[in-house]
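As a plain string of letters, each chain reads:
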Protein chains: 2
Amino acid sequence: MSAKVNDDLLTERRKCEFNVEELTNYLDGGAQATQNRRKLEDKVLSTKGLFDEVPEEYLSHKEKYENAVRKAVVYYKAMKEAEDPNQTEQERANATYRSLLHAAVFKDNSPFSLHLAMFIPAILGQADEEQKKYWMKRASKMEIIGTYAQTELGHGTFIRGLETTATYDPKTEEFVLHSPTLTAYKWWPGSLAHTANYCVVMAHLYINGKSCGIQPFIVQFRDEETHQPLPGIKLGEIGAKLGFNTVNNGFLGFDQHRIPRNRMLMKNAQVLKDGTFKRSPNSKLTYGTMVYVRVVIVNGMANQLARAVTIAVRYSAVRRQSELKPDAGEPQILDYVTQQHKLFIGIASSHAFTLTAKWLTRMYQKVTADLEKGNLDELPELHAIACCLKAVTTTDTSVLVERSRTSCGGHGYMLSSNLPQIYGLVTAACTYEGENTVLMLQTARSLVKALEQAQSGKRLSPTMSYLSEKVSSRLKWDNSIDGIVKGFRRVAYGKVESAMRSMRKYVRSGLGPEDAWNMSSVQLVAASEAHCRAFILSTYKSEVDRTSGSLSEPLKTVLYYLVELYATYWALERVGDLLLYTSISEADIRQLQDTYEDLLGKIRPNAVGLVDAFDFRDQILNSTLGAYDGRVYERLMEEALKSPLNAEPVNQSFHKYLKPFMQGKL
Amino acid sequence: MSAKVNDDLLTERRKCEFNVEELTNYLDGGAQATQNRRKLEDKVLSTKGLFDEVPEEYLSHKEKYENAVRKAVVYYKAMKEAEDPNQTEQERANATYRSLLHAAVFKDNSPFSLHLAMFIPAILGQADEEQKKYWMKRASKMEIIGTYAQTELGHGTFIRGLETTATYDPKTEEFVLHSPTLTAYKWWPGSLAHTANYCVVMAHLYINGKSCGIQPFIVQFRDEETHQPLPGIKLGEIGAKLGFNTVNNGFLGFDQHRIPRNRMLMKNAQVLKDGTFKRSPNSKLTYGTMVYVRVVIVNGMANQLARAVTIAVRYSAVRRQSELKPDAGEPQILDYVTQQHKLFIGIASSHAFTLTAKWLTRMYQKVTADLEKGNLDELPELHAIACCLKAVTTTDTSVLVERSRTSCGGHGYMLSSNLPQIYGLVTAACTYEGENTVLMLQTARSLVKALEQAQSGKRLSPTMSYLSEKVSSRLKWDNSIDGIVKGFRRVAYGKVESAMRSMRKYVRSGLGPEDAWNMSSVQLVAASEAHCRAFILSTYKSEVDRTSGSLSEPLKTVLYYLVELYATYWALERVGDLLLYTSISEADIRQLQDTYEDLLGKIRPNAVGLVDAFDFRDQILNSTLGAYDGRVYERLMEEALKSPLNAEPVNQSFHKYLKPFMQGKL
């Protein structure tokens, strides 16, 4: 687009105090990674047939799906063709790490996304070598399209409760898959309804009437030629949702459906021909994949939050409203300190989550390498931190995306802003891959265990080692970032201890330990949150320390403004906890408030530069309010005119209903 | 529906400790009001042609609108016919006060809603007697359908910034309406796009080149016979949104469009034939209507929140998941204390908002009566409290509706749960009729003024009189409800004072007073919030005190559990503020936490009864998860099967796109 850029945005870009490209490179992981990403985006986005004539929000539910399939086949072909054979797999991963390329094509999401995100990883993680060879050959070429079916109508996070059964029949060497109840129907898997023809099904294995736990099976459920559902398969889509409507979530029921023995994925547990069951050497081995998915989620939250805050900051630089001073004209709404308060924490949080995801990736790789050597020592720690990180980052992102949206006033409510759709995508992450409250309580369980171990003199793993430090009743407070990290750790310690005290009280009053746990669970969630806040803040700070050495001074300065903003924001948000567990004084709090207001002012001239540095092209932002050129009002009108209702001056409903009604002839 | 009721719900209803019908009557304002409401609902909802064959979420944007018009004409006719001529207007108002009848017909909202909610009130409030007679005759019969056009593409809350001009031409005795820029286009009015043919337009009046402020004009913009837009009118719809898609929000631009002089509504300001301008006697007279709309909003929030929490509580009683104790089976998720923590505050908040709205209505009626006598004394106070009440109740409701939704896990993400749509409706209220941050700062301005007056010895109006009480640096704390109210007032006082100190500091450092205000605005919003929390809490408590005298003991007990829960919840949420401004101790806080956990347990057996008492019939809940009989899973499947995608086993996109792609022939 060569149209004129909005004057206010031009001024903002001139005011920016650091080199935007340098920050883009930093976020991408180097100038080469930025280049590779842009090359990939150029190639893919120049493909014909990837975009819509009528914006998808005007289509019917069915048309949305059909249109998404039309684009998906073009998109995946283009992605395949754009692969640079000279790049290593790591370079390729880096190129897509911060890219939201699919967002340019699907304002919602792709009907194939489960194939790459879940089906292939499930085969890689759970198939034995022979199975892997056979299925990966077909899956990687997308000769077959797969999905992953775990959740049922009646069961989500609690996997042991799954009702689908797989009963081994040694006579025919087959498993019989069955859905004994309505609630046993698989429900939610993306791509399942009308797109995929294969899936990995998690089912409760029975051999000779004996339970052998939940196991994975690869199941064909549609004919490859006709796409008709196979006999014994009941199949459909689950209906319209808040988001992910083009993802084609489906239901699947089995009526005594038989599959050969080699369709159970046997990397871990195995079933021999005669029905002998060989248990998996370690039940924790599947944790690895779960953790990997959570790394992907934390990173995805950082990207989606960056996208929302880019839209809101640019709009706030263009939108002028009200008066700050009489007769001084209407200011940019970005000049209101309340607006800065709503938005700048979003920029800082996106940086914090990106860097935390990088730390988590390294930890994951290390633990996975240890696993290969049979060393499971660090797995519980990785699991505990991944649980609360997934929960806290998805919750924070949901809140901050909504805050970005409402900060754009009425126009943020328009689908053409793309903010409602981004919210629809991120809020789903609060539920999928482990419901957030359940995950927070898993981390809490680890914290309670760790504190008990510390009290009996055992050494703790690194992320929880602070629980074994000697604490005075109130930590001596200082307002530095490290002081705030220590403060949050003290709060976590204090809350775990207080929840444990509370549990003991309930046990003394006659409750069983499980009921006492339940009664204290509101406090336990708060303990987990404080632990996670301390972790994100310290990781954010230490990652910037570790990686900013070679950056220019102006950029480094702005990066540390954001770190300090993040720390100060959360200290002020949780000042009650700090007052309870540290020696923080009224004067300290006033000082923090002053620092916070001062930081907002320092970030203000860099705000547009900071969001420009996320480097989302207009096609990826997909937003009337957020485009690089700031032609907000022109785009709002251009998009409105695309509504099919605007194709005719008078809608047929006037003649059919309105006119007779108004003339009293109805 | 005569199907079997879910066993868990039956048990819950048996456990309930109070009389559900008694609470319903209490909320309605008496047994007669309940009866009238139910009679109205029976009559209207038995009308043919009011409901959908295909759920509206599967239709295209255009079809949704056409379908809504089809239903709207039937619905308004049925409402008219259901009017009981023997009832007084007050009885009729009572019958619809707690009803969400239109929600049974429109899962979204009605394309006529602006006619009744804004067009008619604008005529009543701003037309002179002759005009009122003429226009009300046509409007009340719906011979014409009207809307209210104030917001423009470039201007929302800041009314003085409106760009549409109305220039008086004394030669022809006409006003010339004009949109000088793109941003001057009217943008957002409901019904405007393809439904209404008249509207009240707010425009900047010029006479002889002199500004005469923003004035209301009644404008015809479509031909009554053909519905074609009139010459000089540019008209269309603004496009798809997060919600309100059947409301038909439109844009409207004027190209030198002429209207007769008598189309300016002249109750307040007047323009004589020769162009003489007679100013309105008081610019604050229009505040009355704004306040009225805010009363309606607070009441609407109470109802929508009640609807969301009814759905979530019933679902939580039916859904069983995970384990609390080994081998004890899966508990109802309502037994998890974290779930109670998410939901019970929603019930209490709905009660609090309903009772606050009743107080506000009385205050509004009193001030309006005073206005008629020329007494404007209490108007500023009413305005100040209505501003923060609108902002706090819409914000809280948005948060609590989302919390209800996510508490239902994945199934809350289904549109068939109706929770996403309820959120779409309530979150819009954070923006319309005054953006929430702007409103909070308006209340803050009154608070600052009041404290200044108190310090110079003046008497304050009742809702702010606490600012003139002598305060010690830390209020002596006690954990009673009255103690908590006093605590929040002390916090409000402290925060106003601290923001004023902060402003003085900024002024000393060289900023002008407006910039100092802006720098302190984050703190000022917090001051407003504390003031509003104290007000809601004390009003909730005093209204229950005032109205519960004749209630049975069991009901009274439960009502006070909720009041106490509300107080304790917010005390714990804002414990940092209380630590700063009162003498609350660690032991007090532990005690509050114990009380809170105890109250959750006491409310638990009454939870289903409490939501049953809201008395929403299934058609009004419109939810697979919330129906009275608790057939959650059956309904989810029944609704899914209505998706048009499920009408065929193989979608056409397989043959067109998927198969060639999978076979590598693309």
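I will try to describe carefully the structure that is included in this document. (Residues numbered from 1 in each chain as written. Chains lettered and ligands numbered in written order. Predicted model: local features only at pLDDT ≥ 70, side-chain atom pairs only at ≥ 80, totals over all residues. Heavy atoms only, no water.)

**Some words on the packing of aromatic side chains**
Definition in use: Two rings belonging to Phe, Tyr or Trp (six-membered ring only in the last case) form a pair when the distance between their centres is within 6.5 Å. Interplanar angles under 30 degrees mark stacking, angles over 60 mark edge-to-face geometry, and anything in between is tilted. Helix and strand definitions here come from DSSP, where helices need a minimum of 4 consecutive H or I residues and strands a minimum of 2 consecutive E residues; each element is numbered from the N-terminal end. Note on exposure labels: buried denotes an accessible area under 20% of the residue type's maximum, exposed denotes more than 50%, and partly exposed covers the range between, all computed with a 1.4 Å probe on protein chains only. A positively charged side chain is recorded as over a ring if its NZ (Lys) or CZ (Arg) lies within 6 Å of the ring centre. The angle to the ring normal must also be within 35 degrees.
This model, assessed by the stated rule, comprises 39 aromatic pairs over all chains. Ring centres of Tyr-292 of chain A and Tyr-364 of chain A lie 5.7 Å apart, and the angle between their planes is 40°; this geometry places the pair in the tilted category. Taken together, the residues Tyr-292 of chain A in helix H9 (residues 287-318) and Tyr-364 of chain A in helix H10 (residues 337-372) connect sequence positions 72 residues apart. When the ring of Tyr-168 of chain B is compared with that of Phe-175 of chain B, the centres are 5.1 Å apart and the planes differ by 55°; the resulting orientation is tilted. Accessibility expressed as a relative area gives 0% for Phe-175 of chain B, which makes it buried. For Arg-445 of chain A, the ring lying beneath its charged end belongs to Trp-517 of chain A, and the centroid distance is 4.0 Å. It is Lys-505 of chain B that lies over the ring of Tyr-506 of chain B; its NZ or CZ is 4.2 Å from the centre.

**Thoughts on empty space enclosed by the protein**
We apply this condition: Here a cavity is any set of points on a 1 Å grid over the protein atoms alone where a 1.4 Å probe fits but cannot get out, and a pocket is any open set with protein on both sides within 12 Å along at least 5 of 7 lines; a residue lines the site when it has an atom within 4 Å of a point. Grid points are joined across faces, edges and corners, and a volume is the space filled by probe spheres set on the points.
All chains considered together, the criterion is met by seven cavities of 30 Å³ or more. Here the largest cavity defines a volume of roughly 740 Å³. Every residue lining the largest cavity is counted, 36 residues in all, and those nearest its centre are Lys-64, Leu-242 and Leu-415 of chain A together with Leu-242 and Leu-415 of chain B. Going through the elements one at a time, helix H4 (61-82) and helix H12 (419-428) of chain A together with helix H4 (61-82) and helix H12 (419-428) of chain B are the ones with two or more residues in the lining of the largest cavity.

**Digging into the side chain of Ser-498 of chain B**
Residue and element names in this part refer to chain B. Keep this limit in mind: Should any heavy atoms of two residues lie within 4.5 Å, those residues are counted as being in contact.
With respect to the helices and strands, the residue Ser-498 is situated in helix H14 (residues 481-508). In this structure Ser-498 comes out as buried when scored by relative accessible area, which is 12%. For Ser-498, the contacting residues outside a window of four places in its chain are Gln-523 and Tyr-581.

**Observations regarding the relation of the copies chain A and chain B**
To keep things clear, this is the line we draw: In this comparison the copies share one frame, found by least squares on the C-alpha atoms of residues holding pLDDT of at least 70 in both.
When chain A is fitted to chain B, the residual RMSD is 0.0 Å, and the transformation amounts to a turn of 180° plus an axial shift of 0.0 Å. Taken together, the rotation and translation describe the operation of a two-fold axis. Of the residues that chain A buries at the interface, 100% are likewise interface residues in chain B, meaning the two copies contact each other through the same surface.

**Some thoughts on the sheet that holds strand E7 (residues 233-237) of chain B**
Residues and elements named next belong to chain B. Threshold: We call two strands paired when DSSP finds no fewer than two bridges between them.
Taken in spatial order, the three strands make up an open sheet running E4-E8-E7, and their pairing is antiparallel. Only two strands of the sheet have a single partner each, and these edge strands are strand E4 (186-187) and E7. As defined by bridge partners, E4 adjoins strand E8 (residues 250-254) across two bridges and the pair is classed as antiparallel. Residue Trp-187 lies in a different strand from E8, and its bridge partner there is Phe-251.

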